[in-house]
Amino acid sequence: MFSLTPVLVAVVGILIVWIFKNADRSMERRKGELRARSEARPWTDEDLEDSTTLHQEEEVADADESQESEENVEHIPFSHTRYAEKDMVKRSQEFYELLNQRRSVRFISKEPVPMEVIDNVIRTAGTAPSGAHTEPWTFVVVKDPDTKHRIREIIEEEEEINYLKRMGQRWVTDLKKLRTNWIKEYLDTAPVLILIFKQVHGFAANGKRKVHYYNEISVSIACGMLLAALQNAGLVTVTTTPLNCGPRLRALLSRPANEKLLMLLPVGYPSTEATVPDLRRKPLDQIMVTV
């Protein structure tokens, strides 16, 4: 019968200890990698991430039947206005100069703005392209002072945690030149707040889920067009993406669970004491590559 000698017992013991130590090191290394990954993206908004890709195949299967009726869409002749080359250059230069004046303004006057203008800039944002023309956006316009103040309370409560814990020292340091913090007075003073929600899916007439392809990219394009429209109308704003405020703001504004807050824009005229940091934009040769 096979028996273990003292030397063999010692070797086996050393081998077992070595295996356990390496397993511990591997576990610690894995934890370190996860920790580093988490620290590298401390600004991840949990609400924006949930439900956007979960059960995608199931949603597509559910949507197939309900979306069949949309396959046959009439195609019509495209109407296009073509400008002379000199006019094209002039229009493009003037549009660039207009948008180059756009700045993020955190000091906004209480002076009311024409609601017809707000309607028109949101109409403009609604012309943005979207995946399969699903138009996965909802623009919530808030004018009520009490609701605006409650929005401010929710955001400042979360933003204080963001600045002190979630964002990380590097991001907080990078923001110092902008003199920004978790105090958001403009949420009270701006006559209008526009909260832009992305719809991670929609609903067909029969109640089944309707897939919204590339919903975040589509809504982000709409936000860019909204910023351009506001600048064109002579209004100012500052893009805000309050981390982890989405669920509470969604509940406050009675929005459904398939809508996730992507951006919040306080909109109005600049206050008389408004200042902005003296920043410079990158020149064309640093942002464009021609092949």
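Treat the numbers as computed from the prediction; the structure is a model and nothing was measured.

(A) Spotlight on the overall build of the protein chain. Along its length, the protein chain carries 11 helices and five strands. When each of the 291 residues of the protein chain is scored for burial, the buried share is 34%. Sequence separation of at least 24 residues holds for 83% of the intrachain contacts in the protein chain that already meet a minimum separation of 6. Put simply, the protein chain shows about 19800 Å² of open surface, and 55% of that area lies on carbon and sulfur atoms.

(B) Expanded view of the nonpolar core. In terms of nonpolar packing, the biggest core is built from 23 residues, with Ile118, Phe139, Ile194, Ile196, Leu226, Leu265 and Val267 touching the most fellow members. Of all the secondary-structure elements, those providing two or more residues to this core are α5 (115–125), β1 (137–142), β2 (192–199), α9 (215–233) and β5 (259–267). With seven residues, α9 is the single largest residue contributor to this core. Sequence-distant contacts of Ile194, defined by excluding residues within four places in its chain, comprise Ile118, Ile122, Phe139, Val140, Val141, Leu226, Met263, Leu264, Leu265 and Val267. Residues Val142, Tyr186, Leu193 and Leu264 belong to the second largest nonpolar core, which totals 20 residues.

(C) Inspection of the pairing of β1 at higher detail. Summarising burial for β1: five of the six residues are buried, a large majority. For β1 and β2, the ladder comprises six bridges, and the chain directions are antiparallel. Residue Thr138 lies in a different strand from β2, and its bridge partner there is Phe197.

(D) Summary view of the confidence of the model for the protein chain. In the predicted model, the protein chain carries a mean pLDDT of 85, and the fraction of residues at 70 or more is 77%. Overall, residues 50–61 carries pLDDT values under 50, and its contacts beyond four positions in sequence, including any with other chains, amount to 11 contacts.

(E) The arrangement of unusual backbone geometry in detail. A positive phi angle is found at His133, which is not glycine, with a value near 55 degrees. Phi at Glu135 is positive, roughly 45 degrees, even though this residue is not glycine. Its location among the elements puts Glu135 in the loop between α5 and β1.

(F) Representation of a nonpolar patch on the surface. On the surface, Tyr213, Tyr214, Ile217 and Ile221 cluster together into a nonpolar patch covering about 420 Å² of accessible area. Within the secondary structure, Ile221 is located in helix α9.

(G) Main features of the pattern of salt bridges. For the structure shown, the criterion picks out 10 salt bridges. Between Glu156 and Arg152 there is a salt bridge; the shortest N-O distance is 2.7 Å. Separated by four residues within a single helix, Glu156 and Arg152 lie in helix α6 (residues 145–166), roughly one turn from each other. Note that Glu216 and Lys198 form a salt bridge whose closest N and O atoms lie 2.7 Å from each other. With Glu216 in helix α9 and Lys198 in strand β2, this pair connects stretches of sequence that are 18 residues apart. With a relative accessible area of 1%, Lys198 lands in the buried category.

(H) Structural context of the sheet that holds β5. Pairing within the open sheet is antiparallel, and its three strands lie in the order β1-β2-β5. The open sheet terminates on both sides in strands that have one partner only, identified here as β1 and β5. Sheet twist, expressed as the average angle between the axes of neighbouring strands with direction ignored, equals 20 degrees. Where α9 meets the sheet, its contacts fall on β1, β2 and β5, and the angle it forms with β2 comes to roughly 155 degrees.

(I) Representation of α6 in the model. Taking 1.5 Å of rise per residue, the 22 residues of α6 would be expected to cover 32 Å, and the 29 Å separating its terminal C-alpha atoms lies within 8% of that figure. Of the positions making up α6, those classed as buried are Lys148, Ile151, Arg152, Ile154, Ile155, Glu156, Glu158, Glu159, Asn162 and Tyr163. Immediately beyond the C-terminal end of α6, within one or two residues, lies Gly168, with a positive phi of roughly 90 degrees.

(J) The environment of Asn258, seen in detail. Tracing the sequence through the fold places Asn258 in the loop between α10 (246–252) and β5. Take Asn258: its relative accessible area is 8%, and that puts it in the buried class. Setting aside residues no more than four positions away along its own chain, Asn258 makes contact with Lys198, Gln199, Val200, His201, Gly202 and Phe203. At a separation of 2.6 Å, a polar atom in the side chain of Asn258 contacts the main-chain carbonyl oxygen of His201.

(K) Highlighting α9. Helix length check: α9 (19 residues) gives 27 Å between terminal C-alpha atoms against 27 Å at 1.5 Å per residue, within 8%. Every buried residue of α9 is listed here: Asn215, Ser218, Val219, Ala222, Cys223, Leu226, Leu227, Ala228, Ala229, Leu230 and Gln231. Where α9 is buried, its residues meet α4 (85–100), α5, β1, β2 and β5. Gly234 occupies a position one or two residues after α9 and carries a positive phi of about 90 degrees.

Cut-offs and rules
Residues numbered from 1 in each chain as written. Predicted model: local features only at pLDDT ≥ 70, side-chain atom pairs only at ≥ 80, totals over all residues. Heavy atoms only, no water. Helix = DSSP H or I, 4+ residues; strand = E, 2+ residues; numbered from the N terminus. Buried < 20%, exposed > 50% of the residue type's maximum accessible area, 1.4 Å probe, protein only. Contact = heavy atoms within 4.5 Å. Areas by Shrake-Rupley, 256 points an atom, 1.4 Å probe, with all protein chains shown as cover. Core = buried A, V, L, I, M, F, W, Y, C linked by side-chain atoms within 4.5 Å. Pairing = 2+ DSSP bridges. pLDDT = per-residue confidence, 0-100. Patch = residues over 30% accessible without salt bridge, like charges linked within 9 Å, V, L, I, M, F, W, Y side chains within 5 Å. Salt bridge = Lys/Arg side-chain N within 4 Å of Asp/Glu carboxyl O. Axes fitted to C-alpha atoms, helices over the stretch in contact; angles between N-to-C directions. Expected span 1.5 Å × (residues − 1). Polar contact = N/O pair within 3.5 Å; in protein donor to acceptor, adjacent residues only side chain to side chain.

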